[in-house]
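Overview (structure and organization)
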Amino acid sequence: MRPRLAVRRLTMTNFRNYDSALVSVDHRPVVLTGANGAGKTNLLEALSFLVPGRGLRRAALDAVARRGGPETWSVAAALDGAEGPVALGTGLVAPADEAGRRRAVRIDGADAASQAELARHVAMSWLTPEMDRLFDAGASERRRFLDRLVSGFDRDHAARIGRYERAMRERNRLLKGAGPRGDGSWLDAIETAMAEAGVAVAAARRSLVGRLGAYCREPAGAFPAAAIAVEGTVEGMLEGAPALAVEDALRERLAGLRGVDGEAGRATFGVHRSDLACTHVARNCPAALCSTGEQKALLVRIVLAAASLQAAERGSAPILLLDEIAAHLDRERRSALFDAVLALGVQAWMTGTEPETFAALGERAQRFAVADGAVAPLA
């Protein structure tokens, strides 16, 4: 059994509305309450920078720094991680110009080669009010949601996506600058990199959705059963062909689309266009046609199923960030969520405006009041 993933101490410096803040917690769920605008979501956003990606708001790096303060910011945490206790730190460094601006990552005091290394130590999933209509949004939002879930099981997934996207950007640049044909030999190499990384990304998505689907198809208390599937040409090609054959086919397809993609200014084919489909099983209804409350219940079902699967396969559930989780959840579903979080033994960070919303958790959770960029324990 791996150690339970949990933050033990979080430090924020010049982050959003926090000048400097330190929060010390244990493994229990964490409840953060306060008025709108107090900084609850900002705290969850700080936590979300402890995994690869752009955080739960997908904000530009310079947008995260506190207004009126320095242009740099940092988030540091001591965790019980997937490989034992670890100190993680990240932040914006050298923001003087666009070219020099970058996000630094440190692990146990040493510089990390990339933010993808964070995935070796911690996995997180989150739900925010903006995600309540995820199934009405564009495919890119659902794809990012799926890839965060995959990263909780496959620590190299984020790095593969990074390789794929870097190769794709370079291909787009060459096609735009060199005309429809581009530099053939260099494009061959780039498209080979896209094919190799893309097939690995697609295979990881298919694998997780296949395993996770069995969990989601069973209802969990007040949360409905969900049928999920990953929809994408590359993922479909893997259905009946070995990975190497699909790599060859993808590479040939990309080469054949150079003229089209050069005119479009983007890659019109690849795993960056895949989607996550979801159906409400009991109603046999696509999630996009369900009510807001039903869509949120389906999302919670998927997140809880993924946490259960990760606990079963990896020995530890991910940390959950649940922003304004009571919105669109009735009392029954809210109680079911609390019961599921406690049964999983997961460290869930939950926010809300009213402490009474979380009264059912009793002493099984730790509580903090958030006000004007300050965090204080509640008795």
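Scroll up a little and you will see the structure.
Heads up: these notes are all about the structure in this document. Nothing here was measured: the structure is a model prediction, and the numbers come from that model.

1. Considering the overall build of the chain
When helices and strands are counted, the chain shows 9 helices and 15 strands. For 379 residues, the compact-globule estimate of 2.2 N^0.38 gives 21 Å, and the C-alpha radius of gyration of the chain, at 21 Å, lies within 12% of that figure. Across the 379 residues of the chain, 52% fall into the buried class. Pairs at least 24 residues apart make up 69% of the contacts formed inside the chain by residues separated by at least 6 positions. Accessible surface computed for the chain: about 16,300 Å², of which carbon and sulfur atoms make up 50%. For the chain, the separation between the mean place of its 49 positive charges and that of its 46 negative charges on side chains is 0 Å.

2. So, the sheet that holds strand E13 (residues 348-352)
Pairing is mixed across the open sheet formed by 6 strands, whose spatial order is E8-E12-E13-E3-E14-E15. Each edge of the sheet is formed by a strand with only one pairing partner; in this case those strands are strand E8 (124-127) and strand E15 (374-377). Going from strand to strand, the sheet's axes swing by 20° on average, the running direction of each strand aside. Where strand E3 (residues 30-33) and strand E14 (residues 366-371) come together, 4 bridges link them in parallel fashion. The residue bridging Leu-32 from the neighbouring strand is Phe-368, located in E14. Against the sheet, helix H1 (residues 40-48) contacts E3, E8, strand E12 (319-322), E13, E14 and E15, and its axis sits at roughly 160° relative to E13.

3. Description of the sheet that holds strand E10 (residues 275-280)
Remark on secondary structure: sheet strands pair via backbone hydrogen bonds, oriented parallel or antiparallel. Read from one edge to the other, the open sheet built from 3 strands follows the order E9-E10-E11, with strand pairing classed as antiparallel. In this open sheet, the two edge strands, each paired with only one partner strand, are strand E9 (226-231) and strand E11 (285-286). Two strands pair when backbone bridges link them, and E10 and E11 are joined in this way by 2 bridges, in the antiparallel orientation. When the bridges of E11 are listed, His-280 appears paired with Cys-285.

4. So, H1
Of all 9 residues in H1, 8 are buried; the element is thus mostly enclosed. Among all positions in H1, only Lys-40, Asn-42, Leu-43, Leu-44, Glu-45, Ala-46, Leu-47 and Ser-48 are buried.

5. Some words on the nonpolar core
Formed by 96 residues in total, the largest nonpolar core has its most connected members in Leu-43, Leu-47, Leu-212 and Trp-349. Here this core takes 11 residues from helix H8 (residues 292-314), the largest share from any one element. Sequence-distant contacts of Leu-212, that is, excluding residues within four places in its chain, are made with Leu-149, Ile-228, Ile-302, Ala-305, Ala-306 and Leu-309. Formed by 23 residues, the second largest nonpolar core is a distinct cluster that contains Tyr-164, Met-168, Leu-187 and Leu-238.

6. Some remarks on the pairing of strand E1 (residues 6-15)
Inspection of the sheet shows E1 paired to strand E4 (residues 73-81) by 7 bridges, in the antiparallel sense. For Leu-10, the partnering residue across the bridge sits in E4 and is Ala-77. Sheet topology places E1 next to strand E2 (residues 18-24); 6 bridges connect them, and they run antiparallel. Across the sheet, Phe-15 pairs through a bridge with Tyr-18, a residue of E2. Linking E1 to E2, which pair antiparallel, is a turn of 2 residues; within it Arg-16 sits at a positive phi near 50°.

7. Some details on the side chain of His-157
Its place among the elements puts His-157 in helix H3 (residues 157-178). Excluding residues that lie within four positions of it along the chain, His-157 makes contacts with Asp-147, Val-150, Ser-151, Val-201, Ala-204 and Arg-205.

Calculation notes
- Residues numbered from 1 in each chain as written.
- Predicted model: local features only at pLDDT ≥ 70, side-chain atom pairs only at ≥ 80, totals over all residues.
- Heavy atoms only, no water.
- Helix = DSSP H or I, 4+ residues; strand = E, 2+ residues; numbered from the N terminus.
- Rg over C-alpha atoms; globule rule 2.2 N^0.38 Å.
- Buried < 20%, exposed > 50% of the residue type's maximum accessible area, 1.4 Å probe, protein only.
- Contact = heavy atoms within 4.5 Å.
- Areas by Shrake-Rupley, 256 points an atom, 1.4 Å probe, with all protein chains shown as cover.
- Lys, Arg positive; Asp, Glu negative; His and termini not counted.
- Charge placed at Lys NZ, Arg CZ, Asp CG, Glu CD.
- Pairing = 2+ DSSP bridges.
- Axes fitted to C-alpha atoms, helices over the stretch in contact; angles between N-to-C directions.
- Core = buried A, V, L, I, M, F, W, Y, C linked by side-chain atoms within 4.5 Å.

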